[in-house]
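Below, each chain spelled out in residue letters.
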Protein chains: 2
Amino acid sequence: MARVLLTGASGFVGREVATQLVAAGHEVHALGRRAPTVSGVVHHAVDLLAGAPELRQVGATHLIHAAWYAEPGKFWNAPENCDWVAASLRLARTFADAGGHRMVVAGSCAEYGWDRPVFSEETLGPPPQTLYGQAKRSLFELMTAAAPLLGLSLAWGRIFIPYGAHEDARRLLGTLIAARAEGRPAEFSTGEQIRDFIHVADVGAALVRLIESGVAGPVNIGSGVGTSVQAFVEEAATIAGYAHRIKLGARPMRADDPASLVADVTRLTDLIGFRPRHTLSSGLAEALGHDG
Amino acid sequence: MARVLLTGASGFVGREVATQLVAAGHEVHALGRRAPTVSGVVHHAVDLLAGAPELRQVGATHLIHAAWYAEPGKFWNAPENCDWVAASLRLARTFADAGGHRMVVAGSCAEYGWDRPVFSEETLGPPPQTLYGQAKRSLFELMTAAAPLLGLSLAWGRIFIPYGAHEDARRLLGTLIAARAEGRPAEFSTGEQIRDFIHVADVGAALVRLIESGVAGPVNIGSGVGTSVQAFVEEAATIAGYAHRIKLGARPMRADDPASLVADVTRLTDLIGFRPRHTLSSGLAEALGHDG
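**Re the nonpolar core**
Next up, step 1: Residues Leu89(A), Met103(A), Leu89(B), Met103(B), Leu173(B) and Leu176(B) are the most contacted members of the largest nonpolar core, which totals 185 residues.
Next up, step 2: Setting aside anything within four residues of it in sequence, one finds Leu89(B) in contact with Cys82(A), Val85(A), Ala86(A), Leu139(B), Leu142(B) and Met143(B).

What follows is the structure in structure tokens.
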């Protein structure tokens with residue numbers, strides 16, 4: 001059991017991290033403006049963008065940094081990504097200064113240059129397509145160089161495509177859930193894109209396992225399985241009993257949408273022995289059951 | 001003539017920038033803790049690490065960012081490099097937000113992976129050897145992606161090896177100047193390393209020309225000429241009348257010291273038409289005359 005600081009605890013991924021940290025018996029201190037909904041977590045109301053000197057008093061040894069600017073539809077190229085790089089650097093410095101020694105950051109598959117169908121951690125490739133991806137990549141590269149000088153053991157989880165019950169209505173599964181709730185058609189692109197979908201509870205579990213391990217460096221967090229958006233939507237709609245109301249092809253493909261984003265999960269499997277609890281079917285059933 | 005914000009105006013490079021901005025007729029506003037020694041500059045006493053909202057009132061259109069943690073002997077791998085990345089991002093955001101549109105940052109040859117003798121801007125190469133280099137590189141890559149979204153025109157001067165009268169006694173020429181002032185021997189390594197030395201007044205002039213231009217992207221700031229440290233020291237000692245008191249080989253070579261750091265100055269020459277005013281001889285004479 002460890003005393004763990006957690007940022008982003010009220011967010012889509014962070015709430016799963018909080019839940020599973022508590023379940024694993026850790027003492028969890030959430031830093032952020034909003035109080036987390038997960039019970040058993042100590043909340044410290046701070047604006048991370050303004051610095052968080054309060055964390056010095058907590059005396060935490062571990063830090064999972066899952067907070068970021070994440071407004072759906074806007075975050076990809078928002079200037080706020082720069083603010084979060086700055087805030088993350090200050091957070092890491094303060095944490096190390098206060099005696100912390102183990103840190104995990106929620107990174108993203110957007111750090112990769114999307115020039116391949118399957119991504120292993122060793123090669124970041126050409127520059128990321130988005131400012132969000134570049135911000136996370138720049139932070140990764142800088143913190144990788146800084147960590148030993150700060151006395152920090154650092155691991156970096158590159159999260160692929162999480163889905164879950166509580167996702168925003170502008171996301172993929174969220175579109176279906178919201179449409180069903182309002183009784184209107186759910187519209188999607190044609191959906192040829194291949195993605196590595198992973199249930200957000202599995203993402204949370206992987207981040208918790210990662211911080212408990214001593215593994216350093218980047219670790220992809222995905223299922224290792226590529227599924228087309230079409231197949232994902234059709235399976236979700238069938239489980240939701242809403243297959244008659246989905247419209248694939250009703251929305252345009254984004255010109256910059258990569259054809260394939262699939263994780264090489266060798267490091268996730270071999271180094272921390274993690275395997276997702278959910279298949280796509282069981283994960284979708286869980287996610288849709290919450291609203292079904 | 002422009003209204004120009006300048007950070008680091010009391011530093012080794014910054015004071016030259018301030019001098020030449022004033023000489024070129026610009027209205028210069030220095031942001032920093034210490035008042036610059038250059039006359040004709042408006043000083044705003046701020047701690048850039050704590051943010052500088054004051055800059056909003058200045059209404060500057062241009063910004064030259066030359067401030068950084070630069071303690072000789074320490075800055076290469078100091079955690080403070082992370083703080084300066086964070087401060088630089090906040091500075092850029094605030095400047096853009098306040099209506100600024102043209103920005104030049106003082107970068108470094110340390111951004112390159114030192115795997116070649118001569119460096120052109122297109123290829124950064126393997127990761128930098130130092131945290132300082134990684135910090136400047138990460139900031140460069142992030143700001144390059146962010147600039148268009150912030151409405152900023154951004155140029156980035158990668159400064160090679162500046163020398164001048166006012167350099168710190170722990171630097172190369174500074175060692176000679178200090179030894180001469182105290183009448184003791186001046187000790188150096190054997191000095192086989194090839195470096196691109198450039199008089200700091202030429203660095204200042206290049207940065208001023210760069211911000212006046214519309215050129216975007218990285219531009220090496222060097223002489224384009226490789227000189228061995230031995231040749232530099234011997235020429236400087238001869239000019240200083242101190243050749244009998246230098247000891248080459250009295251200090252060990254640093255194991256991680258690269259064999260050659262020379263700028264490809266094609267972009268500096270072709271894009272902004274800049275040529276250094278000083279040769280090595282005239283530059284050393286100027287630098288040593290100040291204390292001679």
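**Description of the packing of aromatic side chains**
The description of two aromatic rings rests on the distance between their centres and on the angle between their planes.
Next up, step 1: Here the structure, examined in full by the defined rule, presents 20 aromatic pairs over all chains.
Next up, step 2: Between Trp76(B) and Tyr132(B), the aromatic rings sit 5.6 Å apart at their centres with planes inclined by 90°, giving edge-to-face as the arrangement. Highlighted residues: Trp76(B) in the loop between strand S4 (62-65) and helix H3 (80-97) and Tyr132(B) in helix H4 (residues 131-150), separated in sequence by 56 residues.
Next up, step 3: You can call Trp76(B) partly exposed: its relative accessible area is 24%.
Next up, step 4: Overall, Tyr132(B) belongs to the buried group, its relative accessible area being 12%.
Next up, step 5: Ring pairing ties together the aromatic residues Phe75(A), Trp76(A), Trp114(A) and Tyr132(A), which thus form one cluster.
Next up, step 6: Sitting over the ring of Trp68(A), Lys136(A) keeps its end group 4.3 Å from the ring centre.
Next up, step 7: The cationic tip of Arg158(B) hangs over the ring face of Phe140(B); the distance from NZ or CZ to the ring centre is 4.6 Å.

**Details of the interface of chain B and chain A**
Next up, step 1: Contact with chain B, which involves 20 residues of that partner, is made by 20 residues of chain A.
Next up, step 2: Approximately 1,900 Å² of surface area, both sides summed, lies buried where chain B meets chain A, with 72% of it carried by carbon and sulfur atoms.
Next up, step 3: In this assembly, chain B and chain A are joined by two salt bridges.
Next up, step 4: Salt-bridge contacts for Arg93(B) lead to Asp83(A); the nearest nitrogen and oxygen are separated by 2.7 Å.
Next up, step 5: One can count three residue pairs in polar contact (both at pLDDT 80 or more) joining chain B with chain A.

**Regarding the state of the cysteines**
Next up, step 1: All chains considered together, the criterion is met by zero disulfides over all chains.
Next up, step 2: Unpaired in this structure, Cys82(B) has its nearest cysteine sulfur neighbour in Cys82(A), at a distance of 16 Å.
Next up, step 3: Cys82(B) supplies the cysteine sulfur nearest to Cys109(B), a cysteine that is in no disulfide, at a spacing of 20 Å.
Next up, step 4: Taking the relative accessible area as the measure of exposure, Cys109(B) reaches 5% and is therefore buried.

**Thoughts on helix H6 (residues 200-212) of chain B**
Residue and element names in this part refer to chain B.
Next up, step 1: Helix length check: H6, at 13 residues, gives a terminal C-alpha distance of 18 Å against a target of 18 Å (1.5 Å per residue), a fit within 8%.
Next up, step 2: Counting buried positions along H6 gives 11 out of 13 residues, so the element sits mostly inside the fold.
Next up, step 3: Residues Val 200, Ala 201, Asp 202, Val 203, Gly 204, Ala 205, Ala 206, Leu 207, Val 208, Leu 210 and Ile 211 constitute the buried set of H6.

**What to know about the pattern of salt bridges**
Residue and element names in this part refer to chain B.
Next up, step 1: Going through the model one piece at a time under the given rule, you end up with 22 salt bridges over all chains.
Next up, step 2: A salt bridge links Arg 116 to Asp 115; the nearest nitrogen and oxygen atoms lie 2.8 Å apart.
Next up, step 3: Asp 257 serves as the salt-bridge partner of Arg 195, at 3.5 Å between the closest nitrogen and oxygen. Here Arg 195, found in strand S10 (residues 194-195), pairs with Asp 257, found in the loop between strand S14 (246-248) and strand S15 (260-263); they are 62 residues apart in sequence, far enough to count as distant.
Next up, step 4: Overall, Arg 195 belongs to the buried group, its relative accessible area being 7%.

**Let's talk about the confidence of the model for chain A**
Next up, step 1: On average, residues of chain A score 96 in pLDDT, and 99% of them are at 70 or above.
Next up, step 2: What the predictor reports for the complex is a pTM of 0.95 with an ipTM of 0.94.

**Examining the sheet that holds strand S15 (residues 260-263) of chain A**
Residues and elements named next belong to chain A.
Next up, step 1: With mixed pairing, four strands are arranged side by side in an open sheet as S6-S15-S10-S13. Among the strands making up the open sheet, the edge pair consists of strand S6 (118-119) and strand S13 (227-228).
Next up, step 2: Note: strand S10 (residues 194-195) against S13, two bridges, orientation antiparallel. Bridging across to S13, Ile 194 finds its partner in Ser 228.

**As for the relation of the copies chain B and chain A**
Next up, step 1: Rotating chain B by 180° about the axis while translating it 0.0 Å along that axis superimposes it on chain A, leaving an RMSD of 0.0 Å. One copy is carried onto the other by what is essentially a two-fold rotation axis. It is Ala86(B) whose C-alpha, among those of chain B, lies nearest the rotation axis, at 2.0 Å.
Next up, step 2: When you check the interface residues of chain B against chain A, 100% turn up at the interface there too, and the contact is symmetric in its surfaces.

**Examining the sheet that holds strand S7 (residues 153-159) of chain B**
All names here are of chain B.
Next up, step 1: Spatially, seven strands are ordered S3-S2-S1-S4-S5-S7-S12 in an open sheet, and the strand pairing comes out parallel. Strand pairing shows two members of the sheet lacking a second neighbour, strand S3 (41-45) and strand S12 (217-221), which therefore form its edges. In this sheet, neighbouring strand axes are inclined to one another by 20° on average, regardless of whether the strands run parallel or antiparallel.
Next up, step 2: Two strands pair when backbone bridges link them, and S4 and strand S5 (residues 102-108) are joined in this way by four bridges, in the parallel orientation. Following the sheet pairing, Ile 64 is matched in S5 by Val 104.

**Structural notes on the packing of H3(B) against H4(B)**
Residue and element names in this part refer to chain B.
Next up, step 1: Where H3 meets H4, the axes come as close as 10 Å, and the angle between the chain directions of the two elements is 20°. Between H3 and H4, the angle falls in the class roughly parallel. Helix-helix and strand crossings are classified by hand; for H3 and H4 the assignment is right-handed. Packed against H3, whose contacting residues are Asn 81, Val 85, Ser 88, Leu 89, Ala 92, Arg 93 and Ala 96, the element H4 presents Leu 131, Tyr 132, Ala 135, Leu 139, Leu 142, Met 143 and Leu 150 at the interface.
Next up, step 2: Here the contact of H3 with H4 is built from residues that sort into 11 nonpolar, two polar and one charged.

Conventions adopted
Residues numbered from 1 in each chain as written. Chains lettered and ligands numbered in written order. Predicted model: local features only at pLDDT ≥ 70, side-chain atom pairs only at ≥ 80, totals over all residues. Heavy atoms only, no water. Core = buried A, V, L, I, M, F, W, Y, C linked by side-chain atoms within 4.5 Å. Buried < 20%, exposed > 50% of the residue type's maximum accessible area, 1.4 Å probe, protein only. Contact = heavy atoms within 4.5 Å. Phe/Tyr/Trp six-rings, centres within 6.5 Å; stacked < 30°, edge-to-face > 60°. Helix = DSSP H or I, 4+ residues; strand = E, 2+ residues; numbered from the N terminus. Lys NZ or Arg CZ within 6 Å of the ring centre and 35° of its normal. Buried area = accessible area lost by both parts, 1.4 Å probe. Salt bridge = Lys/Arg side-chain N within 4 Å of Asp/Glu carboxyl O. Polar contact = N/O pair within 3.5 Å; in protein donor to acceptor, adjacent residues only side chain to side chain. Disulfide = S-S within 2.5 Å. Expected span 1.5 Å × (residues − 1). pLDDT = per-residue confidence, 0-100. Pairing = 2+ DSSP bridges. Least-squares fit on C-alpha atoms with pLDDT ≥ 70 in both. Axes fitted to C-alpha atoms, helices over the stretch in contact; angles between N-to-C directions. Parallel < 35°, antiparallel > 145°, perpendicular 65-115°, else oblique. Left-handed = near helix turned anticlockwise from the far one by under 90°. Nonpolar A, V, L, I, M, F, W, Y, C, P; charged D, E, K, R; others polar.

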